[in-house]
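Listed below, chain by chain, are the residues.
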Amino acid sequence: MSELRRTEDKKMVVATGRAHPELAEEVAKHLGIDLLPMSAYDFANGEIYVRSGESVRGKDVFLMQSHPAPLNNWLMEQLIMIDSMKRASARRITVVAPCYPYARQDKKGRGREPISARLVADLYKTAGADRVISVDLHTAQIQGFFDGPVDHLVAIPLLADYIRGRVGSDSVTVVSPDTGRVRVAEQWAERLGGVPLAFVHKTRDLTVPNQALSKTVVGDIEGRTCVLIDDMIDTGGTISGAVRVLKEAGAKDVIIAATHAVFSEPAAQRLAESGAREVVVTNTLPIPSSKRFEQLTVLSIAPLLARAIKEVFEDGSITSLFDGVTH
């Protein structure tokens, strides 16, 4: 059964692109349905073709797509999927993008720069999307880029509850990798029982991508277990540098927690050699075996996505999923 019915007139289907079908299959399993059969392939020149194997007329369609490398291919495939569903007379189309594409380009840091996160929202809307579901946006302001409802899910309960079981009776400090995520660090600290905060001061050359220099730590971390948090890990340079700074400042242990494991080269090697006791991430993006290492723990975001999809379909409350965490 590839559809879920609330009434005879209201039916839901979940479809996925080819970027991370494992996650979509897990979400469908939690919902108790099969994925919508889809035909998708590339022409010789790189053009993408997609077609649903079943009618979606009058149905609520949830289109899942993760955006690992090559990101542009998967984004284009998702846009074409949206267009195909719109032309097939779907009742409502919801984009499920666990890791929102181009999220880091959410503002102008210098003159003549694009705001690509807004462009992606416009593309979704123009293609025919009515709603967007995503997890841990780079900044909350991205919710305002899409002209329609945006359900911004948070992974803090999932990650923090796991880490709370790992630190035991240790003296814990939550560490933000920069001043920009202190608000999120406060939510982490509350979730871990009101533990203290610290942050790493770093500098970044805006003309050089994927490069930041961690300089010093502000806060009391000596002899404590530090939970170093971030929304994503790309090449691993910044977070590995932060681990070094924390260790040099006297941290007893460092556990890294991040939602999106982008893991561009050489992230896996850097993280494995960083000195962190454990690196905890979710599966919003696929993590192939070549990018896995001994200290890595991957938690599944599928139950959260499935609950959000069910609440949207049944016109329920997404806020109930946040478990006290604001976003």
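Structure first, text after, so check above.
Residues numbered from 1 in each chain as written. Predicted model: local features only at pLDDT ≥ 70, side-chain atom pairs only at ≥ 80, totals over all residues. Heavy atoms only, no water.

**Student:** Looking at this structure, how should I read the nonpolar core?
**Tutor:** Taken as a class, soluble globular proteins show a tendency for nonpolar side chains to be buried jointly. Counting residues in each nonpolar core, the largest one holds 48 residues, and the members touching the most others are M12, V27, F62, L153, W188 and L305. In terms of residue count, the dominant contributor to this core is helix α8 (residues 302–313) (eight residues). Among residues more than four places away in sequence, those in contact with F62 are M12, V13, V14, A15, T94, V96, I133, I309, V312 and F313. I93, A97, A117 and F145 belong to the second largest nonpolar core, which has 31 residues in total. (Core = buried A, V, L, I, M, F, W, Y, C linked by side-chain atoms within 4.5 Å. Buried < 20%, exposed > 50% of the residue type's maximum accessible area, 1.4 Å probe, protein only. Helix = DSSP H or I, 4+ residues; strand = E, 2+ residues; numbered from the N terminus. Contact = heavy atoms within 4.5 Å.)

**Student:** When you look at the layout of surface pockets in this model, what are you seeing that I'm missing?
**Tutor:** Empty space among the atoms becomes apparent when a probe as large as a water molecule is rolled across them. The volume enclosed by the second largest pocket comes to roughly 180 Å³. Taken together, 12 residues line the second largest pocket, and the ones lying closest to its centre are P157, L158, L304, R307 and L321. (1 Å grid on protein atoms, 1.4 Å probe; cavity = no way out; pocket = protein on both sides within 12 Å on 5 of 7 lines; lining within 4 Å. Points joined across faces, edges and corners; volume = space filled by probe spheres on them.)

**Student:** Mind showing me how you'd approach unusual backbone geometry here?
**Tutor:** When glycine is set aside, most residues are seen to have a negative phi, and most peptide bonds are trans. Cis geometry is found at the peptide bond from A69 to P70, where omega equals -5°. The residue P70 is located in the loop between β5 (60–64) and α2 (71–87) in this model. Despite not being glycine, S89 has its phi angle at roughly 70°, a positive value. Along the chain, the position of S89 falls in the loop between α2 and β6 (92–97). A positive phi angle is found at D315, which is not glycine, with a value near 55°.

**Student:** Just checking my understanding: could you explain the environment of I133 for this structure?
**Tutor:** Here I133 is to be found in strand β7 (residues 131–135). Take I133: its relative accessible area is 0%, and that puts it in the buried class. I133 sits 92 residues away from Y41 along the chain, and the two C-alpha atoms are 25 Å apart. With residues up to four places along the chain from it excluded, the contact list for I133 reads F62, T94, V95, V96, A97, D151, L153, L305, I309 and V312.

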